[in-house]
Amino acid sequence: MMTAWVAARRNHRAGGVSVRRVGAVLGRNVGALRSGPAYWLVLLSGFFEPLLYLLSIGVGVGALVGTVPVGGRAVDYAVFVAPAMLAVSAMSGALAETTFNVFFKFKYAKTYDAVLATPVRPVEIALGELTWALVRCLFYTVLFLVVMVALGLTSAGGALAAFPATALVGVAFGAVGMAISTFLRGWQDFDLLTTGQFTLFLFSGTFSPVQDYPAVFQVIVSLTPLYHAVELVRGLAVGPAGWVLLVHAGYLGVMAVAGLWLASRRIGKLLLV
Amino acid sequence: MAEEPLIVARGLVKRFGEFTAVDGIDVSVERGEAFGFLGPNGAGKSSTMRMISCVSPPTAGELRILGLDPVRDGVAIRGRLGVCPQLGNLDTDLSVFENLTTYARYFGLSRAEARRRAGELLEFVQLADRAKGKVEPLSGGMKQRLTIARALVNDPEIVLLDEPTTGLDPQARHLLWERLYQLKRQGVTLVLTTHYMDEAEQLCDRLVVMDGGRIVAEGSPRDLIGRYSTPEVVELRFSGGGDVAGKLDGVGERVDALPDRVLVYARDGDAAVAEVHRRGLAPLSVLVRRSTLEDVFLHLTGRTLVD
Ligand SMILES: Nc1ncnc2c1ncn2[C@@H]1O[C@H](COP(=O)(O)OP(=O)(O)OP(=O)(O)O)[C@@H](O)[C@H]1O
Ligand SMILES: [Mg+2]
């Protein structure tokens, strides 16, 4: 008893987030992996989707399209599309975790109600879930980068540079997704979410350069999140690298912080009533 | 100076929007006590328990747990409480054993310590043979025992149990009561809510009766029975309707007509039965029994206490 108590006191005095408790929330998800093959199947299918797009559109359609100009340089269409699919896989990996899974635990399984009866705080739940979403996201992006290098769609250096960017993409979308899932009323709302995600997927400079869009449309797209993710990842994987990448990273950073803040607040507000 | 009570509430209020669920209650629970909240559906028992568990901020009034302020020191307090909520929330993605180890980690226990505690506690609640199994196939009573084991994982000073035995068969209830006795003997302070009078009589040193968010009576089970009831109660059933109760005027100390039977509160049950027969009344059935908390409750709230 004394040990738990002293630990709790210490954490309380520190007044902030306890890494240990965040780790415990993360550890719960690691434990749940052993619960059966269902989760692993979902995990794998999430990896193959962007990969199939890359192969069918990037390589397949790419054979018809030829080259695309990127930063004044003409590159193969597949080279253009691949970083976008990488960004998409980072986004969907993190989103799948913080929307479907978090929503289920939040609303139906009452997992967090049980957790909040312990010293764990809402922000620690949010951080633990986000870290787990990041793990899932990186699992996808590492595999995807290996495929890209193997197919000659980026260099090893490009892959190494893009890798941390995919982490940022995952954290940004994971955090915002978690905040959104605290507002969802039921499964029917997931249709909206999926539609939104698919729209981003199609129109974020993923399959054609944003410069080819009509002017008004360009402005709209430049405000949406996946555009910044794609531009950042593409800039690092294929080029050109420039200061503008910091703007994209900044956008994603703001998403991460705002999403995390809102998600923690909502978890506390809705469960601690 | 005597130790400050572990739980002190003064004028404690909980509102949900316009609705007042807990309407200014005063409670104090001493270390080592078994304290009960008794009341019908919607009385405000769970709302009170959640405030004490530091998962629901009080709307007004004063609340101190373990000498600390639940809003400011929630993290520290929760680390020393064990909570067994009314609605089960075991983790169905985890095994029985992992439910305990995972929970222990939330309290900051090391992995080894968590495993040791989990093993001990599964023995304590007689679920050791289910350790590796899933939670879903457990029976209601087993799930409840697992939830109690989970509430004990941090070796808490206060254990809060919200309707720990609702929905269990008598055998499962007795097993649980027996475990709770053991905890009490170990010096753990128990706070529980219940609809069951026998449970309150068996487990609680002291209890409050809640109704409509207020406390309507307080004392030990014996106290309350002595104060609000008579030593014996006669239950009479009559065929047909009619104003039987009127004809019973003056038999015993008080008469309560329920839809299905009439209760006569009397110091001496047999004497009351004799008087009923002397008045020429012919009840279908007669039962003389000792007074229970149920009678106290009926007297205080004018309602029977049913699930
Ligand atoms: N989160 C909430 N929002 C709105 N009203 C609530 C909420 N929680 C409880 N209430 C209301 O407060 C009142 C008291 O509820 P509470 O759960 O505390 O009763 P209880 O004594 O535990 O009842 P039971 O025996 O059915 O468990 C009820 O009328 C309930 O509808
Ligand atoms: Mg209740």
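A brief look at the structure comes next. Along each chain, numbering runs from 1 in the same order as the chain's sequence is written. Chains and ligands are labelled sequentially in the order written, the chains with letters from A and the ligands with numbers from 1. Since the coordinates come from a predicted model, pLDDT governs what is reported: local features require at least 70, and pairs of side-chain atoms require 80 or more to be given and counted, while whole-chain, interface and lining totals use all residues. Hydrogen atoms and water are omitted, and side-chain values are computed over all heavy atoms in the structure.

**Notes on the sheet that holds strand β4 (residues 60-65) of chain B**
Adjacent strands of a sheet form backbone hydrogen bonds with each other and so pair up, either parallel or antiparallel.
Residue and element names in this part refer to chain B.
Reasoning step 1: Strand pairing is assigned whenever DSSP identifies at least 2 bridges connecting the two strands. Helical segments are the DSSP runs of H or I of at least four residues, strand segments are the runs of E of at least two, and each set is numbered from the N terminus. As summarised here, the arrangement of the 3 strands in space is β2-β1-β4, forming an open sheet in which the pairing is antiparallel. Whereas interior strands pair on both sides, the edge strands pair on one side only; in this sheet they are β2 (19-29) and β4. Going from strand to strand, the sheet's axes swing by 25 degrees on average, the running direction of each strand aside.
Reasoning step 2: Inspection of the sheet shows strand β1 (residues 7-16) paired to β2 by 8 bridges, in the antiparallel sense. By the bridge assignment, Ile7 is partnered in β2 with Val29. What counts as an axis is a line fitted to C-alpha atoms, over the stretch in contact for a helix, and the angles between N-to-C directions run from 0 to 180 degrees.

**What about the site of ligand 1?**
Residue and element names in this part refer to chain B.
Reasoning step 1: Not every one of the 14 residues close to ligand 1 is listed here, only the nearest: Asn41, Lys45, Ser46, Ser47 and His195.
Reasoning step 2: Contacts described as polar in this section are N or O atom pairs within 3.5 Å, which, within protein, must combine one atom able to donate a hydrogen with one able to accept it, while residues neighboring in sequence count only if both atoms come from side chains. Ala43 is positioned such that a nitrogen or oxygen atom in its backbone is 3.1 Å from an oxygen atom of ligand 1.
Reasoning step 3: At a separation of 3.1 Å, an oxygen atom of ligand 1 approaches a polar side-chain atom of Glu163.
Reasoning step 4: In these tables, accessible area is a Shrake-Rupley quantity obtained with a 1.4 Å probe, and a residue counts as shielded only by the protein chains included in the view. Considered on its own, ligand 1 offers 640 Å² of accessible surface; in the complex 64% of this is hidden by protein.
Reasoning step 5: Those elements that place two or more of their residues in the shell around ligand 1 are β2 and α1 (45-52).
Reasoning step 6: The nonpolar class holds Ala, Val, Leu, Ile, Met, Phe, Trp, Tyr, Cys and Pro. Asp, Glu, Lys and Arg form the charged class, and all remaining residues, Gly among them, are polar. When its residues are assigned to classes, the shell around ligand 1 shows 5 nonpolar, 7 polar and 2 charged. Note on terminology: near, applied to a residue and a molecule or strand, indicates that one of the residue's heavy atoms is within 4 Å of it.

**A few points about the sheet that holds strand β9 (residues 214-219) of chain B**
Residues and elements named next belong to chain B.
Reasoning step 1: Here 6 strands make up an open sheet; going across it, the order is β5-β6-β7-β3-β8-β9 and the pairing mixed. Every interior strand has two partners, whereas the edge strands, β5 (81-84) and β9, have only one. On average, adjacent strands in this sheet sit at an angle of 15 degrees to one another, irrespective of strand direction.
Reasoning step 2: Two strands pair when backbone bridges link them, and strand β8 (residues 206-211) and β9 are joined in this way by 5 bridges, in the antiparallel orientation. Considered in β9, the bridge of Met210 is made with Ile215.
Reasoning step 3: Sheet contacts for helix α11 (residues 293-301): β3 (34-38), β8 and β9; angle to β8, the most-contacted strand, approximately 35 degrees. In this description, contact between two residues means that some pair of their heavy atoms is separated by no more than 4.5 Å.

**Here's the deal with empty space enclosed by the protein**
Reasoning step 1: Think of a 1 Å grid over just the protein atoms. A cavity is a set of points where a 1.4 Å probe fits yet cannot get out, a pocket is an open set with protein on both sides within 12 Å along at least five of seven lines, and lining residues have an atom within 4 Å of a point. Grid points are joined across faces, edges and corners, and a volume is the space filled by probe spheres set on the points. All told, the structure shown has 3 cavities of 30 Å³ or more when counted by the stated rule.
Reasoning step 2: Of the volumes computed, that of the largest cavity is approximately 90 Å³.
Reasoning step 3: Forming the walls of the largest cavity are 13 residues, and the residues nearest its centre are Ala114(A), Asp91(B), Tyr103(B), Tyr106(B) and Arg150(B).
Reasoning step 4: Among the elements of the structure, α5 (111-116) of chain A together with α3 (96-106) of chain B are those that each provide at least two residues to the lining of the largest cavity.
Reasoning step 5: With 4 residues, α3(B) is the single largest residue contributor to the lining of the largest cavity.
Reasoning step 6: Counted by class, the lining of the largest cavity contains 6 nonpolar, 4 polar and 3 charged residues.
Reasoning step 7: Quantified by volume, the second largest cavity comes out at close to 40 Å³.
Reasoning step 8: Those elements that provide at least two residues to the lining of the second largest cavity are α2 (19-33), α5 and α6 (122-150) of chain A.
Reasoning step 9: The leading source of residues in the lining of the second largest cavity is α5(A), at 3 residues.
Reasoning step 10: For the lining of the second largest cavity, the residue count by class is 5 nonpolar, 1 polar and 2 charged.

**A short note on the packing of aromatic side chains**
All names here are of chain A.
Reasoning step 1: Any two rings among Phe, Tyr and Trp, with Trp reduced to its six-membered ring, count as a pair given centres within 6.5 Å; such a pair is stacked if its planes are under 30 degrees apart, edge-to-face if over 60, and tilted if neither. Summed over all chains, the structure comprises 20 aromatic pairs over all chains.
Reasoning step 2: Seen from their ring centres, Phe103 and Trp187 are 5.0 Å apart, and the 80 degrees between their planes marks the pair as edge-to-face. Of this pair, Phe103 sits in helix α4 (residues 77-108) while Trp187 sits in the loop between α7 (156-181) and α8 (189-202), and the two are 84 residues apart along the sequence.
Reasoning step 3: Classification of residues uses two cut-offs on accessible area relative to the type maximum, computed with a 1.4 Å probe and protein chains only: under 20% is buried, over 50% is exposed, and between them is partly exposed. Assessed through its relative accessible area of 37%, Trp187 is described here as partly exposed.
Reasoning step 4: Here the aromatic rings of Phe103 and Phe190 are separated by 5.3 Å at their centres, their planes lie at 70 degrees, and the arrangement is edge-to-face. Of this pair, Phe103 sits in helix α4 while Phe190 sits in helix α8, and the two are 87 residues apart along the sequence.

**Things to note about the interface of chain A and chain B**
Reasoning step 1: The interface is formed by 29 residues belonging to chain A together with 33 residues belonging to chain B.
Reasoning step 2: When two components associate, each loses some accessible surface as probed by a 1.4 Å sphere; the sum of these losses over both components is called the buried area. Together chain A and chain B conceal approximately 2800 Å² of surface at their shared face, both sides included; 57% is due to carbon and sulfur atoms.
Reasoning step 3: Here a salt bridge means any side-chain nitrogen of Lys or Arg lying within 4 Å of a carboxyl oxygen belonging to Asp or Glu. Between chain A and chain B we count 3 salt bridges in total.
Reasoning step 4: Ionic pairing is found between Arg28(A) and Asp91(B), a salt bridge with its closest N-O pair at 2.6 Å.
Reasoning step 5: At the boundary of chain A with chain B, the tally comes to 10 residue pairs in polar contact (both at pLDDT 80 or more).
Reasoning step 6: Residue contributions to the side of chain A that touches chain B peak at 7 residues, all from α2(A).

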